[in-house]
Structures are given as structure tokens and as C-alpha cells.
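An overview of the molecular structure
Listed here are the chains, written in short residue letters.
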Amino acid sequence: MIDLPKKIVVGENVVWQIPKVIQELRLGKKVLIITGPNVWGLIGGTVEEMMSSSNVSYEVSKVYKPTLSEAESLHETLNSFSPDLIIGLGGGKTIDIAKYLSASSGIPFMSVPTTSSHDGIASPFASLRGGGKITSVLAKPPVAVIADLNIITSAPSRVIKAGAGDLIAKFTAVLDWRLAHRLKGEYYGDYSAQLALLSAKHVVNYSDLISKLSIEGVRVIVEGLISSSVAMCIAGSSRPASGSEHLFSHALDYVANYPALHGEQVGVGAIMMSYLHGIEWRKIKKVLKKVGLPTTAKELGVRDVDIINALTIAHKIRTERYTILGESGLTYEAAEKLAKETEVID
Ligand code: ZN
């Protein structure tokens, strides 16, 4: 069973199309907008102007932290206002909260990303922090995605580029998926795998354009992120988009307390995991460099030992997700050698 977004709008100044899309898809008359304080400070005025000239009533809830408890605290607003639609307006974390609330209440949600930092913008999975771990919830994909390139292009350049790192990760994610299929008999769908790979290849082909961060470069990242999200919708799991490089990134969050952006960390993870898979890790590193993403421990702002420690525990992060790291993971010596060979550490 494949559940997909009904409408995806990518372009300049498309944020103004929110009321039109609500009407076209018959999404109701009451909308709860979940957003972050910074985003609301920047574009809240525009959204208020747009919504008040439509026949849709709305309420705004601001979220401050991407945690499970923060998401839970919004249930009260949800119950008292009882909206027909939830809009997630903000970065990946805000959208994850909107997605989680949609999944737990059954109310459809619309994704309006203001950054291109990771592929959660249209995927059916919400990941939230809570109780010292990350909870990944299978939710429904957004009923619509409105990605305004003018808004996304005005995000900090580091946040925009991070999405390209999340896309490069699909090279190793797909190889891990194939490995799990061959060794563990796990379901593998080549169509969704190819779709995820296409988004990674797109970044490679257009890395020059991306590095300039023009509207067209940002469009490449946004379209890639949506295509990767759709691959997850088709696969019914995050397998095509997330493998050992993601496990490494989650492990690094654990050992170094969220040192860098998700897309930056998985990019470095992809360099090391492609070495283990025996594919051209130098090419991946070159693309990341060209785009302006970190390729070393120093650039991620972590110590060499953090990288090694993260590599040694990565296989324990999600034990049901079989990857090139196997069931027993890497020894300290093997991890050190891997990080040195790929010049992630000195
Ligand atoms: Zn990711």
C-alpha cells in the first residue's frame, strides 16, 4: 500500500498558494499552524496576511524544542481547537512535530518547509528526541508540500547545504539495504532504491550549481529531498534513505551531544561507509567539499576520538537495521583505521 502526498508545489513565492491548496484538496476551514519562534518572526506577517484574506480560520502554536514532550504538550491545543488540518511551517524539527501530532490525532498535515536541511520534509517518518533517545514514528506523509524557494534560499547557507549531505547518504543507504536483503532476507524494492539513488546522483551532477546557493541550486536540493521522501513512502520504510551512515550520525549525536547538523554528519558517515562498501569514497568526499559541507572531524567540530567512539557503537543504535557494520560492529582499532584511511581524522 503506497501513501503519497496529493500535491507538491515547489517554486518561487508559492507560500501564497497555501489557501488555494487547502481549498482545492478540501482540507477544511480550521487550521492549526505549528511553527518555530524564529520562523514566525520572519514570515508570520506574510502568513497572517494571507490567511486572513482567505475563509480559513487559524491558530498558531510555537514549538521551541524538537522533543517528544513538546509535541505531547500540543495535544491540549489540538483538543480545544479541533482543527481540520495541521500545517508544519518551519525547519525539519518543526515539521517532525507537526507530523507526529498528525499521526497521533489522525488529522492530515501540510508540510511547508523553510529550510532544506533533511529529507523529513515530505517523508512519512517523524523522529523526535525524548528520554535520551530518538523515537522514530511511522506517520502518514503530508497531504501536501509547499516548498517556497525564496523562503528556503534565505535560510542560513549551512542549513541549506546540509540537505545535500543527507542526499549523498543514499549511496550507502541503498547498499546497506541490498546487503540486508541478501543476508537477512529483508524486503527490498528496487524502484524505491533507484529513486533514492537518483536524488543522490542529482546532487553529484549539480554540485557546482548547489555550491553557488542560487535559487536553481536550492531547487536541486529541495527536489532531491522530496524525491527521497517519496522513495520512503513507496518502500514503506526509511530503508532507501537511511543506512549505516545514519547510524553513525545518531551515534555521534549520542557521544558528542548533537555536535553538527544531521545532513553534515551523515555526509561524513557516507564517506566512511562507502569505503567499507568498496565504492568510490573519494568521489563522495569531493562532492561534499565542492558543495561546502564538512568532510573531517575538525570541520564537524568534534574530537577524533568522538568519531572513533561513534563508529564503534553505531551498530547498536538500531539493532533491527542490518548494515555493513554487521551485528558486532567495528573494534576501536578498525574504527580508527577507517577514519584515518578516509582522512576524516588525522
Ligand atoms: Zn537523513
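Residues numbered from 1 in each chain as written. Predicted model: local features only at pLDDT ≥ 70, side-chain atom pairs only at ≥ 80, totals over all residues. Heavy atoms only, no water.

**Here we look at the overall build of the chain**
Of the regular secondary structure elements, the chain holds 17 helices and eight strands. Scaling as 2.2 N^0.38, a compact globule of 346 residues should have a C-alpha radius of gyration of about 20 Å, and the chain matches this with 20 Å. Projected onto its principal axes, the C-alpha coordinates of the chain cover approximately 60 × 40 × 35 Å. Residue burial in the chain is summarised as follows: out of 346 residues, 57% are buried. Once local pairs closer than 6 in sequence are excluded, the contacts in the chain between residues at least 24 apart make up 74%. A total of about 14,500 Å² of accessible surface is found on the chain, and carbon and sulfur atoms cover 51% of it. Side chains of the chain carry 36 positive and 34 negative charges; the gap between the two charge centres is 3 Å. (Helix = DSSP H or I, 4+ residues; strand = E, 2+ residues; numbered from the N terminus. Rg over C-alpha atoms; globule rule 2.2 N^0.38 Å. Buried < 20%, exposed > 50% of the residue type's maximum accessible area, 1.4 Å probe, protein only. Contact = heavy atoms within 4.5 Å. Areas by Shrake-Rupley, 256 points an atom, 1.4 Å probe, with all protein chains shown as cover. Lys, Arg positive; Asp, Glu negative; His and termini not counted. Charge placed at Lys NZ, Arg CZ, Asp CG, Glu CD.)

**Looking at the pattern of salt bridges**
For the structure shown, the criterion picks out 17 salt bridges. Between aspartate 346 and lysine 298 there is a salt bridge; the shortest N-O distance is 3.4 Å. Of this pair, aspartate 346 sits in the segment after helix H17 (332-341) while lysine 298 sits in helix H15 (residues 297-300), placing them 48 residues apart in sequence. You'll find aspartate 346 and lysine 298 in the same group, each marked exposed. (Salt bridge = Lys/Arg side-chain N within 4 Å of Asp/Glu carboxyl O.)

**Considerations on the domain arrangement of the chain**
Taken as a whole, the chain is organised into domain 1 (7-153) and domain 2 (157-341). Interface area for domain 1 against domain 2, summed over the two sides, is near 2,100 Å², with a carbon-plus-sulfur share of 72%. Aspartate 119 serves as the salt-bridge partner of lysine 170, at 2.8 Å between the closest nitrogen and oxygen. Contributions of two or more residues to the side of domain 1 that touches domain 2 are made by strand S1 (7-11), strand S6 (125-130), strand S8 (144-148) and helix H6 (149-153). In terms of residue count, H6 provides more of the side of domain 1 that touches domain 2 than any other element does, four residues in total. The residue makeup of the side of domain 1 that touches domain 2, split by class, is twelve nonpolar, eight polar and three charged. (Domains from an automatic or database assignment. Buried area = accessible area lost by both parts, 1.4 Å probe. Nonpolar A, V, L, I, M, F, W, Y, C, P; charged D, E, K, R; others polar.)

**Digging into the coordination of the zinc ion**
Taken together, the protein ligands of the zinc ion are Asp166 (OD), His246 (NE2) and His262 (NE2), with distances of 2.1 to 2.2 Å. The sequence pattern formed by the donor residues of the zinc ion is D-x79-H-x15-H. Residue aspartate 166 is found in helix H7 (residues 157-168), and its partner histidine 246 is found in helix H12 (residues 244-256); the two are separated by 80 residues along the sequence. (Donors = N, O, S within 2.8 Å, 3.2 Å for Na, K, Ca; no water.)

**Section: the pairing of strand S3 (residues 57-62)**
When strand S2 (residues 30-35) meets S3, the two strands line up parallel, connected through six bridges. Residue isoleucine 33 lies in a different strand from S3, and its bridge partner there is valine 60. (Pairing = 2+ DSSP bridges.)

**Focus on the packing of aromatic side chains**
Across all of its chains, the model carries three aromatic pairs by this definition. When the centroid spacing of 6.3 Å and the interplanar angle of 65° are considered together, the rings of tryptophan 177 and tyrosine 187 count as edge-to-face. Of this pair, tryptophan 177 sits in helix H8 (residues 170-184) while tyrosine 187 sits in the loop between H8 and helix H9 (190-205), and the two are ten residues apart along the sequence. Connected via pairs of aromatic rings, a cluster forms that spans Trp177, Tyr187 and Tyr188. Above the plane of the ring of phenylalanine 81 lies lysine 30, whose end atom (NZ or CZ) is 5.0 Å from the centre. (Phe/Tyr/Trp six-rings, centres within 6.5 Å; stacked < 30°, edge-to-face > 60°. Lys NZ or Arg CZ within 6 Å of the ring centre and 35° of its normal.)

**A closer look at the side chain of threonine 342**
Position of threonine 342 relative to the elements: it lies in the segment after H17. The class of threonine 342 is buried, set by a relative accessible area of 0%. Other than its neighbours up to four places away in sequence, threonine 342 contacts Ile271, Met272, Tyr275, Trp281 and Lys285.

**Quick look at the packing of H8 against H9**
At a minimum axis separation of 8 Å, H8 and H9 run at an interaxial angle of 160°. Judged by the angle between their axes, H8 and H9 are roughly antiparallel. In the packing of H8 onto H9, the handedness of the crossing is left-handed. Here Lys170, Phe171, Val174, Trp177 and Arg178 of H8 come into contact with H9, specifically with Asp190, Ser192, Ala193, Gln194, Ala196, Leu197, Ser199, Ala200, Lys201 and Val204. When grouped by side-chain class, the residues that make up the contact of H8 with H9 number eight nonpolar, three polar and four charged. (Axes fitted to C-alpha atoms, helices over the stretch in contact; angles between N-to-C directions. Parallel < 35°, antiparallel > 145°, perpendicular 65-115°, else oblique. Left-handed = near helix turned anticlockwise from the far one by under 90°.)

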